[in-house]
Amino acid sequence: MTSSPEFDLIARHFTRATRHTTLGIGDDAALLDITPGMQLAVSADMLVAGTHFFPDADPRLLGWKSLAVNLSDMAAMGALPKWATLAIALPAADQAWLSAFSAGLFACANRYQVDLIGGDTTRGPLAISVQIMGEVAPGKALKRSGAKVGDDIWVSGTLGNAALALAALQQRYALSAEELESCISALHQPTPRVELGLLINMMAHSAIDISDGLLADLGHLLKASATGAEIHLGRLPISRLMHQRMTEPAVQQMVLAGGDDYELCFTAPARNHGEIAKLAGLLGFPVSCIGQVTATPGLTVRNLDQSIMQVSQHGYDHFNQAIPA
């Protein structure tokens, strides 16, 4: 019996040897052996052409990002990612596109030791849905609801470069070719902070990944924890390119609410401040304290002059914002 084009496509582009899997791609379901005594952490994200990425996006970079944004959710839980599934709708079975996309996807999977164990393919408008699964010790998962009054608020990496690159690509903000080159990888090839998540899950009280903008995602964490916060614009970790423009309201908005950063925002008791600060040297990227958790509900942002900022937009709205086709 001859195989179908769909199975041939899956076998050619998405079947690889696995590391953590008893039975992977090729059957009706995968079989997994969970490490005894561990809990399973599960998350899923969808990327849709024209909403989350340009329809003509580089397929290799898109493959990386499709998995990386899910790994960021594992990092925010302090979980070790192990398995992923992929469901993808394609306008056509473009072999060159699929080869580049799968190369990017598996480059990310290999970097973080994740097995692709199944999924689905179908014809339709380009859309990519990845489900990620990982393990975390019982009681050790970082949740949004754990922030406590007096906690320090920390952010990894730098904020705003992805939003700045997107604004430049959409011709909403002028950058030179050299300036765009310096920030565009933040948009197209984010780095999930998996190692950081594993290191802080014994020190932090709560965490969330920054996908829709710092203010929006920190706001979700504060709401879940029934707390408030005060953060300082001048303490936010930014690149040299952003620093040169930080007095511009549009740039401040990108840093605070631009989205697509995929950095971690977490809270931890003040007694762990020194230990957490040392992680920057260990990991090779900034880990910055930007404020404190307060008992008063709401989120206060102090401007560069310490006045209270009025912020017009708190984050990305999936139903009112999109990347133009």
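The rules we used
- Residues numbered from 1 in each chain as written.
- Predicted model: local features only at pLDDT ≥ 70, side-chain atom pairs only at ≥ 80, totals over all residues.
- Heavy atoms only, no water.
- Salt bridge = Lys/Arg side-chain N within 4 Å of Asp/Glu carboxyl O.
- Helix = DSSP H or I, 4+ residues; strand = E, 2+ residues; numbered from the N terminus.
- Buried < 20%, exposed > 50% of the residue type's maximum accessible area, 1.4 Å probe, protein only.
- Core = buried A, V, L, I, M, F, W, Y, C linked by side-chain atoms within 4.5 Å.
- Contact = heavy atoms within 4.5 Å.
- 1 Å grid on protein atoms, 1.4 Å probe; cavity = no way out; pocket = protein on both sides within 12 Å on 5 of 7 lines; lining within 4 Å.
- Points joined across faces, edges and corners; volume = space filled by probe spheres on them.
- Nonpolar A, V, L, I, M, F, W, Y, C, P; charged D, E, K, R; others polar.
- Axes fitted to C-alpha atoms, helices over the stretch in contact; angles between N-to-C directions.
- Parallel < 35°, antiparallel > 145°, perpendicular 65-115°, else oblique.
- Pairing = 2+ DSSP bridges.

Considering the pattern of salt bridges
Okay, so step 1: Applying the stated rule across the entire model yields six salt bridges.
Okay, so step 2: One salt bridge connects D260 with K65, and the closest N-O pair in it is separated by 3.2 Å. With a gap of 195 residues between them, D260 in the loop between α9 (249-257) and β10 (263-268) and K65 in helix α2 (residues 59-77) connect regions that are remote in the sequence.
Okay, so step 3: Under the relative-accessibility criterion, D260 is labelled buried at 17%.
Okay, so step 4: Salt-bridge contacts for E195 lead to R111; the nearest nitrogen and oxygen are separated by 2.7 Å. Highlighted residues: E195 in helix α6 (residues 194-200) and R111 in helix α3 (residues 95-111), separated in sequence by 84 residues.

Overview of the nonpolar core
Okay, so step 1: Of all hydrophobic cores here, the largest spans 48 residues; its most connected members are L67, I200 and F266.
Okay, so step 2: Of all elements in the fold, only β3 (39-48), α2, β4 (80-90), α3, β6 (127-136), α6, β10 and β11 (287-294) reach the threshold of two or more residues within this core.
Okay, so step 3: The element contributing the most residues to this core is α2, with eight residues.
Okay, so step 4: Beyond its immediate chain neighbours, meaning those up to four positions away, F266 contacts D152, I153, W154, L196, I200, A204, S206, A207, I276 and V287.
Okay, so step 5: One finds A162, L215, A229 and V293 within the second-largest nonpolar core, a separate group that totals 40 residues.

Focus on empty space enclosed by the protein
It is the rolling of a water-molecule-sized probe over the atoms that shows where space remains empty.
Okay, so step 1: In total, this model carries one cavity of 30 Å³ or more according to the counting rule given.
Okay, so step 2: Put simply, the largest cavity is a space of about 40 Å³.
Okay, so step 3: Along its surface, the largest cavity is lined by L67, A84, L105, F106, A109, V114 and L116.
Okay, so step 4: The biggest single contributor to the lining of the largest cavity is α3, with three residues.
Okay, so step 5: Of the residues that constitute the lining of the largest cavity, the class distribution is seven nonpolar, no polar and no charged.

A look at unusual backbone geometry
Okay, so step 1: We note that Y262 has phi near 55 degrees; this positive angle belongs to a residue other than glycine.
Okay, so step 2: Locating Y262 in the fold gives a position in the loop between α9 and β10.
Okay, so step 3: In this structure, Q306 is a non-glycine residue whose phi angle is positive, near 75 degrees.
Okay, so step 4: The topology assignment puts Q306 in the segment after β12 (298-302).
Okay, so step 5: Since its relative accessible area comes to 41%, Q306 is described here as partly exposed.

Points about the packing of helix α4 (residues 161-169) against helix α5 (residues 177-188)
Okay, so step 1: Relative orientation of the contacting elements α4 and α5 amounts to 110 degrees, with a least axis distance of 7 Å. The angle between α4 and α5 places the two elements in the roughly perpendicular class. Across the interface between the two elements, N161, A162, L164, A165, L166, A168 and L169 of α4 pack against L180, C183, I184, A186, L187 and H188 of α5.
Okay, so step 2: Split into classes, the residues belonging to the contact of α4 with α5 amount to 11 nonpolar, two polar and no charged.

Considerations on the sheet that holds strand β8 (residues 206-210)
Okay, so step 1: With mixed pairing, the six strands of this open sheet are ordered in space as β8-β10-β7-β11-β9-β12. Edge strands, defined here as strands with exactly one partner in the open sheet, are β8 and β12. Averaged over all adjacent pairs, the angle separating strand axes in this sheet is 25 degrees, with direction ignored.
Okay, so step 2: Pairing geometry for strand β7 (residues 152-156) and β11, over five bridges, is antiparallel. The residue of β11 that forms the bridge with I153 is G291.
Okay, so step 3: Together, β8 and β10 form the strand contacts of α2, whose direction differs from that of β8 by roughly 165 degrees.

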